[in-house]
Amino acid sequence: MQSCEQLACFHFMPFRASTVTVCLLHSDSALPSHLLPAALVHTSSVVAARSPGGIPEGPVKWPRFNKVVWKPQEENEPRRPAEIFYHRSNIKYSPQKLWYIASWIRGLSIDEAIKQLTFHPKVGSRVVKEVLLEAQDLAVKEHGVEFKSNLWIAESIVGKGSYVKGLRRHARARYAQITYKYCHYKVKLQEGPPPEHYYTPPPTHWDMMEDYLKDYRHRTVQFGLKS
């Protein structure tokens, strides 16, 4: 039976909390695979090595929508607007923070969205602006859109990416877990003018009054005689 000194020795220096020294004694003795340093720290390289396909690079189904072939249209049928699906994978940004930026640009024209993102103070606004500009160039080059300003944002979605766990040093040679978050951003551009109301507008006071009167006019007496 091997002693602890023959297997491994982990020494944490009390005065330098950032220094972690891993001493492997008696290198001639074979160490079990579960005692190797790579297996003791949960890093992205270890996860990629253990998983069969590695870390996923991003959405797979979203770019496939660009390859959809529609059937020919009828003579009197209105022209089908072009649709452009674009995404960016593994953005070093929190998906919860990027969701706020992605939600309020839905339903805007491409020029208005770029103008609003230019003056927005969040860091994620610069990322979304770059994605919109790349999607705009893709629409003109590969999807036959004549005017690049004749586009509006039909869908703007944020997805959760890979989460990488790390160590964060604290006082008295203590450590805590820190999570590095990544996210995916997906956008769909559609040709044509934007709609007047992307979201359902709230009811006005006149609409609320009509609903109130309608309910009162259709009320009946419970267990009463039917006329």
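Asks: Help me out: how do you make sense of the pattern of salt bridges in this one?
Replies: As a working rule, side chains carrying opposite charge can pair if their charged atoms are close by. Under the defined criterion, the tally for this structure stands at five salt bridges. Across the pair Glu-191 and Arg-79 runs a salt bridge whose closest N-O atoms are separated by 3.3 Å. One end of the pair, Glu-191, is in strand β5 (residues 175–191); the other, Arg-79, is in the loop between α3 (44–50) and β3 (83–91), with 112 residues separating them in the sequence. With a shortest N-O distance of 3.1 Å, Arg-88 and Glu-130 are connected by a salt bridge. Of the two residues, Arg-88 sits in strand β3 while Glu-130 sits in helix α6 (residues 123–142), which places them 42 residues apart along the sequence. Owing to a relative accessible area of 40%, Glu-130 belongs among the partly exposed residues under this scheme. By sharing partners, the salt bridges in this structure join Arg-88, Glu-130 and Glu-134 into a single network.

Asks: I tried to follow α6 on my own but got confused; where do I start?
Replies: Residues spaced three or four apart along an α-helix point in a common direction, a consequence of the helix completing one turn every 3.6 residues. Between its first and last C-alpha, α6 extends 29 Å over 20 residues, near the 28 Å set by a 1.5 Å rise per residue. When we look at burial in α6, the residues that qualify are Gly-124, Ser-125, Val-127, Val-128, Val-131, Leu-132, Ala-135, Gln-136, Leu-138 and Ala-139. Buried residues along α6 sit in contact with β3, α4 (95–104), α5 (110–118), β4 (151–169) and β5. Phi turns positive, to about 70 degrees, at Gly-144, one or two residues after α6.

Asks: Sorry, what's going on with the side chain of Ser-156 here?
Replies: Within the fold, Ser-156 resides in strand β4. The buried category is assigned to Ser-156, whose relative accessible area is 1%. What Ser-156 contacts, discounting residues up to four positions off in sequence, is Ala-102, Ile-105, Arg-106, Tyr-185 and Lys-186.

Asks: Looking at this structure, I do not really get the environment of Arg-174. What am I missing?
Replies: Here Arg-174 lies in the loop between β4 and β5. Aside from chain neighbours lying at most four places away, what touches Arg-174 is Arg-168 and Arg-169.

Asks: What is the right way to read a nonpolar patch on the surface from this model?
Replies: There is a patch of nonpolar side chains on the surface, built from Trp-206, Met-209, Tyr-212, Leu-213 and Tyr-216 and spanning about 550 Å² of accessible area. Topologically, Tyr-216 is positioned in helix α7 (residues 205–217). In this structure Tyr-216 comes out as partly exposed when scored by relative accessible area, which is 43%.

Reading guide: rules and limits
Residues numbered from 1 in each chain as written. Predicted model: local features only at pLDDT ≥ 70, side-chain atom pairs only at ≥ 80, totals over all residues. Heavy atoms only, no water. Salt bridge = Lys/Arg side-chain N within 4 Å of Asp/Glu carboxyl O. Helix = DSSP H or I, 4+ residues; strand = E, 2+ residues; numbered from the N terminus. Buried < 20%, exposed > 50% of the residue type's maximum accessible area, 1.4 Å probe, protein only. Expected span 1.5 Å × (residues − 1). Contact = heavy atoms within 4.5 Å. Patch = residues over 30% accessible without salt bridge, like charges linked within 9 Å, V, L, I, M, F, W, Y side chains within 5 Å. Areas by Shrake-Rupley, 256 points an atom, 1.4 Å probe, with all protein chains shown as cover.

Purely geometric stuff here, so don't read any function into it on its own.
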